[in-house]
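So the chains spell out like this:
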Amino acid sequence: MENNVVEMRDIVKIFPPDNVALKRVSLSIKKGEIHSIIGENGAGKSTLMKVLYGLEKANQGEIFLGGVHKQISTPKEAVDCGIGMVHQEFMLVGVYTVLENIVLGDEPCNALGMLKLDAARDKLKNILEQFHFDFPLDEQVQNLSVAAQQKIEIVKLLYRNVDILILDEPTAVLAPQEADELFKLLEQLKQAGKTILFISHKLDEVLRISDTITVMRRGERVWTKPNQGLDKIALSNAMVGRDVMLTVEKPETVPGDTVLEFDGVSVKSPLVPGKLDNDRVSFSVRAGEILGVAGVEGNGQYEMVQALIGALPICAGNIRLMGRDISKDAIRERRRQISYISQDRKRSGSSQTDTLTDNVTMTHHYVSGRLKGKLGLLSVRKMRKLCDEIIENYQVKCKNSSTRMMELSGGNQQKVIIGREIELGCRLLVADQPVRGLDVGSIEYIHKKIVEERNKGVAVLLVSADLDELFSLSDRIVVFHNGRLVAQRRPDETTREEIGEFMLGARSELND
Amino acid sequence: MTKKATTIALGILTAIGMGMLLLVWQGYDPLDSYAAVFRYSMGSSFAIGVTLERTAIVAMVALAATTTFSSGASNLGMFGQILTGEIIATAIGVYLPLPGWLLIPAMLIGSALGGACMALIAGLLRKYFNMNEFITTLMFNFILDYFTEYLVNTSMRDPLMSWPMSKVIAPQGVMPRFFGFLDGSVFFALAILVISYILWKNTRFGYEMRMNGKNPIFANYGGCDAQGNFLKAMALSGAYNGLAGCLLIIGSGQQNRFVPGMGENYANEGLMIAIVANNNVIGVVLYSFLFSMLNAGATGMQLETSVPLEFITMLIGLTVMSVVSIREYSTTFINNAKAMAENRKFKKREVK
């Protein structure tokens, strides 16, 4: 008990109305260990950490720090107790310098309230030297890479003398090489006596860096074990309670005719004048193949998809769909031929406050004749029927078709969206990060559906930040870096490391 | 459904209760006052006729407001578009010698088109010059108010009247009465409400309009024609207001002539009804009726119990606030109660 820095006892958290996120969860963390908490989305791991960090108030339960009972109700109190958290989305001010960001909220001031940045600089110097950080303190944060920004978040916590660091899926935004660097840093922090709580989806990295692993499932702790003799199969079984197929079965197919062709497409940046977000991008997708698009976020993949759908104008080249130039068409015209799973299911993929029926009606309402009723009106009965079919065929867990979208879990929402888009029956399926933030079970199901579409002869364009996903699904992979398409590979002829080098711009196969 | 009805009933009862307290505080008899309101709005066939005619008119404005709220287009030019409808109906009714079966439709269609045009101008200014329709429609209210006032001061003025107002429209242009007390406007409004209900529920345009109001980004990626729908929604909303203006002229219980500034209270009431009705056609009917009842009975109440007319305006305000706040808070309240019950289950398990 004495060497447990954190002891959480019987934590219950209920989100109104009756979503029990944590069912009497107890957890002990030993001092100086890297303790991973894994589980599907909605398993409660993030909620548990938010309770510890004071972001969520538990309905029941107690927290002991070093054996002493503590009431933590705000992040400020958590930091005062030596607990800090790095969120998935960074909380940095882009136009402030690194130094300003680090001291923000805890600025050293003199009696008159004037900033004393030099005092902070001295204090920081020790931290930077101790952990071999090398970033310029006076650079604006917006000019730094995502990996560097993440390190700033960590330094921010170290500056506040935090001993227990919570990292919420830190590798989700990193390329493989950057992740390696992060792991080295975590190891150093551990040597320095810090305790690290690591939340993740990715079993490989959990097995690689953890001392102890806790598995959560549906708001309960399944077990906590030291990381010895554990493997991926054991972890995933504990996470979902059944065997998961980690590789998708994918029969060989012969790709058919070209469905989509990008020919020297350039897209001007809407934000930075003179910059091209897509610079002379050319590729093609054929019927019955999955083209994977790799790249670190913000390197032009998003803009490529926007240009394809018609939400961003192109300034050079053309886009051909089944031989016809669609570059000038409106979104409405293009959507007749493109099934599109957008990146952000809440913002652009659905209307959260509307019923499932209204949500699946979108695009079908003018593309297909299957919702037509008498006198050319929309038939509410047929809308419901389509919705019921999608609920059944895509294994959506919900009450009925009048349920509102927001009442569904992320995975089920995504199944509704994918059902809607696949049911459109277009020859091109564009899937922009279709499984981002989903649980293992849903990911497996959605991957299966995407491969099924490919086998039916649909051309699939799959954009993903997750190399595992790209390698297991794609027939070919193209890599974006800085708005340019820098490489093309077949997954069986390359490695994750090689693709990673292309993603980071260490290598390029541009021939111009 | 039952939950919806409960929250609405609770909201209205709360407002009535608060009204009673205010009356008692001011030394009036609350029951007498409410009884007078009821008697003068529903107590005779004549009173019912007046209430329903008023309901028909205000429901049109409420539909206009509902259209703008649910589609994401902002039209605050209710007043200006009502004035447009009024002045066009008056001009047709006074100067166009047509038989009644042609004159009434001509006035209705003319007013609807006029209202639609006024709103559409704001929509086009948005489309081509990126001018915020929120502001332009609001500004049009002033322009149209002064322009119509100018018209009845000059060319359209009735020379026999000492006050500036238009001539009375031709008698065959006045809506016929049915059963001696029911104005034709009531049936006309009922037809428009049924058509609107179908429009929202069962047409592509209605669906796209609703989705655009809820999540324009989703609608855009889904292939909805955002720009086209915006213009259509503006025009539709303007047309409803134009119709309301027309009914204000041709209704058998109205003055049948244009008087400057008439209809402003309808514009505000229509907006309030759309808010309490939460963009629901049936709600529009219910609240239009309730508010019209209160308004129609207000004069009677003042006569009998000397409670000032303005009390009703306050009561309507109270109703809007209590219905909306109870509606918004009820979900949170029920959810929290459920969460507490769930939490107790865990505590019980601990005891065992």
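Nothing here was measured: the structure is a model prediction, and the numbers come from that model.

Novice: What is the right way to look at the nonpolar core in this model?
Specialist: Generally speaking, a soluble globular protein has its nonpolar side chains buried in company with each other. By size, the foremost hydrophobic cluster in this structure holds 78 residues, and its most contacted members are Met 107, Ile 250 and Tyr 287 of chain B. Among all residues touching Ile 250 of chain B, those that are not within four sequence positions of it are Ile 104, Met 107, Leu 108, Ile 169, Gly 173, Val 174, Met 175 and Asn 256 of chain B. Listed in part, the 77 residues of the second largest apolar core include Leu 22, Ala 78, Val 215 and Val 440 of chain A.

Novice: Which parts of the structure should I look at to understand helix 3 (residues 45-71) of chain B?
Specialist: Owing to its 3.6 residues per turn, the α-helix brings residues three or four apart onto one side. Given a rise of 1.5 Å per residue, 27 residues ought to cover 39 Å, and the 38 Å separating the end C-alpha atoms of helix 3 of chain B matches this to within 8%. Downstream of helix 3 of chain B by a residue or two, Gly 72 of chain B has a phi angle that is positive, lying close to 90°.

Novice: Sorry if this is basic, but what is going on with the pattern of salt bridges here?
Specialist: Pairing of side chains with opposite charge becomes possible as their charged atoms draw close. All names here are of chain A. A full pass over the atoms with the stated rule returns 44 salt bridges over all chains. With a shortest N-O distance of 3.9 Å, Glu 7 and Arg 9 are connected by a salt bridge. The class of Glu 7 is buried, set by a relative accessible area of 13%. Asp 163 serves as the salt-bridge partner of Lys 194, at 3.5 Å between the closest nitrogen and oxygen. In this pair, Lys 194 is assigned in the loop between helix 6 (176-191) and strand 8 (195-200) and Asp 163 in the loop between helix 5 (146-159) and strand 7 (164-168), connecting sequence segments 31 residues apart.

Novice: Help me understand the environment of Thr 195 of chain A in this model?
Specialist: Residue and element names in this part refer to chain A. Among the structural elements, Thr 195 can be located in strand 8. Classification of Thr 195 as buried rests on a relative accessible area of 1%. In this structure the C-alpha to C-alpha distance between Thr 195 and Ile 34, which are 161 residues apart in sequence, comes to 6.2 Å. Among all residues touching Thr 195, those that are not within four sequence positions of it are Val 5, Ile 29, Lys 30, Lys 31, Gly 32, Glu 33, Asp 163, Ile 164 and Leu 165.

Novice: Please clarify how the packing of helix 8 (residues 204-214) of chain B against helix 10 (residues 226-250) of chain B should be interpreted in this entry.
Specialist: The angle between the axes and the distance between the axes are what describe a pair of packed helices. All names here are of chain B. Their axes nearest at 10 Å, the elements helix 8 and helix 10 cross at an angle of 100°. Judged by the angle between their axes, helix 8 and helix 10 are roughly perpendicular. Contact residues: helix 8 offers Phe 205, Glu 208, Met 209 and Asn 212, while helix 10 offers Ala 226, Asn 229, Lys 232, Ala 233 and Leu 236. The residue makeup of the contact of helix 8 with helix 10, split by class, is 5 nonpolar, 2 polar and 2 charged.

Novice: Looking at this structure, how should I read a nonpolar patch on the surface?
Specialist: Nonpolar side chains collect at one region of the surface, where Phe 134, Ile 135, Leu 138, Met 139, Phe 142 and Tyr 146 of chain B lie side by side and expose about 620 Å² of accessible area between them. Structurally, Phe 142 of chain B can be placed in helix 6 (residues 133-153).

Novice: Teacher, can you tell me more about the pairing of strand 19 (residues 476-481) of chain A here?
Specialist: Side-chain positions along a regular strand alternate between the two faces of the sheet. Residues and elements named next belong to chain A. When you tally the buried positions in strand 19, you get 5 out of 6 residues, the bulk of the element. Note: strand 13 (residues 290-294) against strand 19, 4 bridges, orientation parallel. Looking across to strand 19, one finds that Val 293 is bridged to Val 478. Note that strand 19 and strand 20 (residues 484-489) share 5 bridges and pair antiparallel. For Val 479, the partnering residue across the bridge sits in strand 20 and is Ala 487.

Novice: Got a minute to help me understand the interface of chain B and chain A in this structure?
Specialist: One frequently used descriptor of interface size is the decrease in accessible area upon assembly of the parts. In this complex, chain B contributes 29 residues to the contact, which on the side of chain A involves 38 residues. Both faces combined, the contact of chain B with chain A buries some 3100 Å², and carbon together with sulfur accounts for 58% of it. With its nearest N and O atoms 2.8 Å apart, the salt bridge here joins Asp 358 of chain A to Arg 210 of chain B. Inspection of the region where chain B meets chain A yields 14 residue pairs in polar contact (both at pLDDT 80 or more). Breaking the side of chain B that touches chain A down by element, the ones donating at least two residues are helix 7 (184-202), helix 8, helix 9 (216-221) and helix 13 (310-351) of chain B. Each residue belonging to the side of chain B that touches chain A can be placed in one class, and the counts come to 10 nonpolar, 9 polar and 10 charged.

Novice: It is not clear to me how the domain arrangement of chain A should be interpreted in this structure. Could you clarify?
Specialist: Residue and element names in this part refer to chain A. Its domain assignment divides chain A into domain 1 (4-240) and domain 2 (258-337 + 426-504). Each of domain 1 and domain 2 has a C-alpha centre, and these two points are 33 Å apart. A combined buried area of about 920 Å² lies between domain 1 and domain 2, and 62% of that area is made up of carbon and sulfur atoms. The tally of links between domain 1 and domain 2 comes to 0 salt bridges. Here domain 1 is connected to domain 2 by 1 residue pair in polar contact (both at pLDDT 80 or more). Looking at the side of domain 1 that touches domain 2, the elements that each hand over two or more residues are helix 6 and helix 8 (232-240). Of the residues forming the side of domain 1 that touches domain 2, the biggest block, 3 residues, is contributed by helix 6.

Novice: Teacher, can you tell me more about the packing of aromatic side chains here?
Specialist: The description of two aromatic rings rests on the distance between their centres and on the angle between their planes. Enumeration over the complete set of coordinates arrives at 7 aromatic pairs over all chains. Lys 225 of chain A extends its terminal NZ or CZ atom over the ring of Trp 223 of chain A, reaching a point 4.3 Å from the ring centre.

Novice: What is the right way to look at the confidence of the model for chain B in this model?
Specialist: This prediction gives chain B a mean pLDDT of 90; 99% of its residues lie at or above 70. Ranking the elements of chain B by mean pLDDT puts helix 13 of chain B last, at 81, and helix 4 (residues 78-95) of chain B first, at 96.

Novice: Help me understand the side chain of Gln 433 of chain A, please; the structure alone is not making it clear to me.
Specialist: Relative to the helices and strands, Gln 433 of chain A resides in the loop between strand 17 (428-432) and helix 15 (440-455). With sequence-adjacent residues up to four places away left out, Gln 433 of chain A is seen in contact with Glu 297, Gln 343, Val 463, Ser 464 and Ala 465 of chain A.

Novice: What is the right way to read the sheet that holds strand 17 of chain A from this model?
Specialist: Sheets are built from strands paired through backbone hydrogen bonds, the pairs being either parallel or antiparallel. Residue and element names in this part refer to chain A. One open sheet holds the 6 strands; their spatial order is 16-17-18-13-19-20, and the pairing between them is mixed. Looking along the sheet, the strands with just one partner apiece sit at the ends: strand 16 (338-341) and strand 20. Across the sheet, the mean angle from the axis of one strand to that of its neighbour is 20°, orientation sign disregarded. The strands touched by helix 15 are strand 13, strand 17 and strand 18 (459-463); relative to strand 13, the strand with the most contacts, the crossing angle is about 130°. Those strands touched by helix 17 (residues 496-504) are strand 13, strand 19 and strand 20, and its axis lies near 30° from that of strand 19.

Calculation criteria
- Every chain begins its residue count from 1, and numbering advances along the sequence as written.
- Ligands are numbered from 1 and chains lettered from A, in the order in which they are written.
- In view of the model being predicted, local features appear only for residues whose pLDDT reaches at least 70, and side-chain atom pairs are presented and counted only at 80 or more, with totals across whole chains, interfaces and linings using the full set of residues.
- Side-chain figures throughout are based on the complete set of non-hydrogen atoms in the structure, without hydrogens or water.
- Think of a nonpolar core as a cluster: buried Ala, Val, Leu, Ile, Met, Phe, Trp, Tyr and Cys residues, connected wherever their side-chain atoms sit within 4.5 Å.
- For every residue, the accessible area obtained with a 1.4 Å probe (protein chains only) is divided by the maximum for its type, and the residue is called buried under 20%, exposed over 50%, and partly exposed between those limits.
- Pairs of residues are marked as contacts when any of their non-hydrogen atoms sit within 4.5 Å.
- Segments assigned H or I by DSSP are reported as helices when at least four residues long, segments assigned E as strands when at least two residues long, and all are numbered from the N terminus.
- To estimate the expected span of a helix, count its residues, drop one, and scale the result by 1.5 Å.
- By definition here, a salt bridge exists when the distance from a side-chain nitrogen of Lys or Arg to a carboxyl oxygen of Asp or Glu is within 4 Å.
- To get an axis, a line is fitted to the C-alpha atoms, and for a helix only the part in contact is used. The angle between two axes follows their N-to-C directions and goes from 0 to 180 degrees.
- Roughly parallel covers angles under 35 degrees, roughly antiparallel covers those over 145, roughly perpendicular covers 65 to 115, and oblique covers all other angles.
- Throughout this entry, Asp, Glu, Lys and Arg are counted as charged residues, while Ala, Val, Leu, Ile, Met, Phe, Trp, Tyr, Cys and Pro are counted as nonpolar. The remaining residues, Gly among them, count as polar.
- Think of a patch as exposed residues, more than 30% relative accessible area, with no salt bridge, where like charges cluster within 9 Å and nonpolar side chains (Val, Leu, Ile, Met, Phe, Trp, Tyr) cluster within 5 Å.
- Each accessible area value is a Shrake-Rupley result obtained with a 1.4 Å probe; residue values ignore everything except the protein chains displayed when judging cover.
- Strands pair, by our definition, only if DSSP identifies at least two bridges between them.
- Summed over both partners, the accessible surface that disappears when two parts come together, traced with a 1.4 Å probe, is what is meant by buried area.
- Polar contact criterion, stated in full: a pair of N or O atoms within 3.5 Å, where within protein one must be able to donate a hydrogen and the other to accept it, and residues adjacent in sequence count only if both atoms are side-chain atoms.
- How far each domain reaches was decided by an automatic or database domain assignment.
- In this scheme Phe, Tyr and Trp rings, the latter by its six-membered ring, pair at centre separations within 6.5 Å, and the angle between planes marks the pair as stacked below 30 degrees, edge-to-face above 60, and tilted otherwise.
- For a Lys NZ or an Arg CZ to count as sitting over a ring, it must be within 6 Å of the ring centre and within 35 degrees of the ring normal.
- A residue's pLDDT is the confidence the predictor assigns to it, expressed on a 0 to 100 scale.

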